[in-house]
Amino acid sequence: MPELPEVETVVRSIAPHLAGRRILSASFSSKHVTPGNRAALASRLAGRRVESVGRRGKFIVIGLDQGTLAVHLGMTGRLLIQGRPSEHTHGVFTLDDGQLLYDDPRQFGRIEWSAGPPKRVAHLGPEPLEIGFEEFRQRLRRKARVKALLLNQRFLAGLGNIYADESLFAAAIHPLATAARLSKERACRLRQAIREILNEAIALGGSSISDYVDGNGQPGSFQVRHRVYGREGEPCVNCGTPIRRILVAQRSTHFCPRCQKR
DNA sequence: ACTAATGTTGTAGG
DNA sequence: GCCTACAACATTAG
């Protein structure tokens, strides 16, 4: 479910309810979401105060008075400040005022505590909304296909399959193009496209394809603006050519063969 | 029954 | 080291 715009929307929806709250107790039920000793994690969190709630790439980073919680939503994870536990609830945080539930049917998400800065977050590339053009172009100097690079969280942190495809379409770049061979103009266009797509998606609360909702259970609406993702066979909004779907980096990749020449 | 799904990681081979 | 393919993780929906 969650790429940068969805995670950002979740953070914005839950932050006001978490900041300054104390965690009275917590419980976890999935060995996949919370690897290791789940009871130890629960007791570690009991009594902690939430000092900050932020986002880095696709991670939700919750700063505590002792240590940090890094939450990744995987494919189907949800953080909810409303509602009741269900069969797919794998984390329950009881707060001094309110609650926080972690739901995740596929259990690809992770909730991990660390004393210092979270290791998995430390390895992430720059934020796509913050990187400047010079650094962006430097980082593009690689032999990989541009779509594969956009999915690589060490290249940029936060893009996933939807926004990679939408950004490449907006920049009129073929997903199989070699990153290092993009002209300066095309690199500039790509960075701008990423910024515009992500900002517009955040403004619309993210894309709700099947699962995604924010912390209040509200879906986003950017899916109605998708121009290639999930539109295989439908006419390109620019030229009417049927949108094509191919596999790149083992992921479905949607593009217009006429607007996005190699 | 089969396929694909907003993701990440580890392994193997070129 | 870089790059790609593939499997694995677990569940649901078409």
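In every chain, residue numbers begin from 1 and rise along the written sequence. Whichever chain is written first is A, and whichever ligand is written first is 1; the rest continue in order. Only residues with pLDDT of at least 70 get local features here, since the model is predicted, and only at 80 or more are side-chain atom pairs given and counted; chain-wide, interface and lining totals rely on the full set of residues. The side-chain figures draw on all heavy atoms in the structure; neither hydrogens nor water molecules are used.

Draft legend 1. Expanded view of the protein's contact with DNA strand C. Near DNA strand C you find His32, His88, Pro105, Arg106, Gln107, Phe108, Arg142, Lys143, Ala144, Arg145, Ala249 and Gln250, and these make up its full shell. Of everything in DNA strand C that lies within 4 Å of the protein, sugar and phosphate atoms constitute 67%. Any pair of nitrogen or oxygen atoms within 3.5 Å is treated as a polar contact; in protein, a donor-acceptor pairing is required on top of that, and neighbouring residues in sequence qualify only through side-chain atoms on both sides. Between a phosphate oxygen of DNA strand C and a side-chain N or O atom of arginine 142, the distance comes to 2.6 Å. One of the backbone N or O atoms of lysine 143 is found 2.7 Å from a phosphate oxygen in DNA strand C. Put simply, Ala, Val, Leu, Ile, Met, Phe, Trp, Tyr, Cys and Pro go in the nonpolar bin, Asp, Glu, Lys and Arg in the charged bin, and everything else, Gly too, in the polar bin. In terms of residue class, the surface near DNA strand C is built from 4 nonpolar, 4 polar and 4 charged. Near, as used in this document, describes a residue that has one of its heavy atoms within 4 Å of the molecule or strand being considered.

Draft legend 2. Focus on the packing of helix α6 (residues 161–170) against helix α7 (residues 184–203). Packing of α6 against α7 brings their axes to within 8 Å, and their N-to-C directions diverge by 125°. Relative to α7, the element α6 is oriented oblique. Judged by the sense of rotation from one axis to the other, the crossing of α6 with α7 is right-handed. Contacts between α6 and α7 pair Tyr163, Glu166, Ser167, Leu168 and Ala170 from the former with Leu190, Ala193, Ile194, Ile197, Leu198 and Ala201 from the latter. Among the residues making up the contact of α6 with α7, the classes are represented as 9 nonpolar, 1 polar and 1 charged. An axis is simply a line fitted to the C-alpha atoms; with a helix, the fit covers only the stretch in contact. Between two such axes, the angle follows the N-to-C directions and lies from 0 to 180 degrees. Only runs of H or I of at least four residues qualify as helices and only runs of E of at least two qualify as strands under DSSP, and these elements are numbered from the N terminus. An angle counts as roughly parallel when it lies under 35 degrees, as roughly antiparallel when it exceeds 145, as roughly perpendicular when it falls between 65 and 115, and as oblique in every other case. Should the near helix be turned counterclockwise from the far one by less than a right angle, the crossing is left-handed, whereas a clockwise turn marks it as right-handed. Whether two residues are in contact is decided by their heavy atoms, any of which lying within 4.5 Å being enough.

Draft legend 3. Spatial organisation of the sheet that holds strand β7 (residues 99–103). Here we have 4 strands laid out as an open sheet, ordered β1-β6-β7-β5, and antiparallel in their pairing. Of all the strands in the sheet, just β1 (23–28) and β5 (78–80) have a single pairing partner and so form its edges. For this sheet, the mean inter-axis angle between neighbouring strands, taken without regard to orientation, is 10°. A pair of strands is treated as paired once DSSP finds two or more bridges between them. Pairing analysis gives 5 bridges linking β1 to strand β6 (residues 89–95), with the strands arranged antiparallel. By the bridge assignment for β6, serine 27 is matched with valine 92. The strands touched by helix α2 (residues 38–45) are β1 and β6; relative to β1, the strand with the most contacts, the crossing angle is about 170°.

Draft legend 4. The state of the cysteines, seen in detail. The rule for a disulfide is simple: a pair of cysteine sulfur atoms within 2.5 Å. Under the criterion given, the structure shown has 0 disulfides. Cysteine 236 forms no disulfide, and the closest cysteine sulfur to it belongs to cysteine 259, at a distance of 3.7 Å. Cysteine 239 carries a free sulfur, and the closest cysteine sulfur to it, the one in cysteine 256, is 3.6 Å from it.

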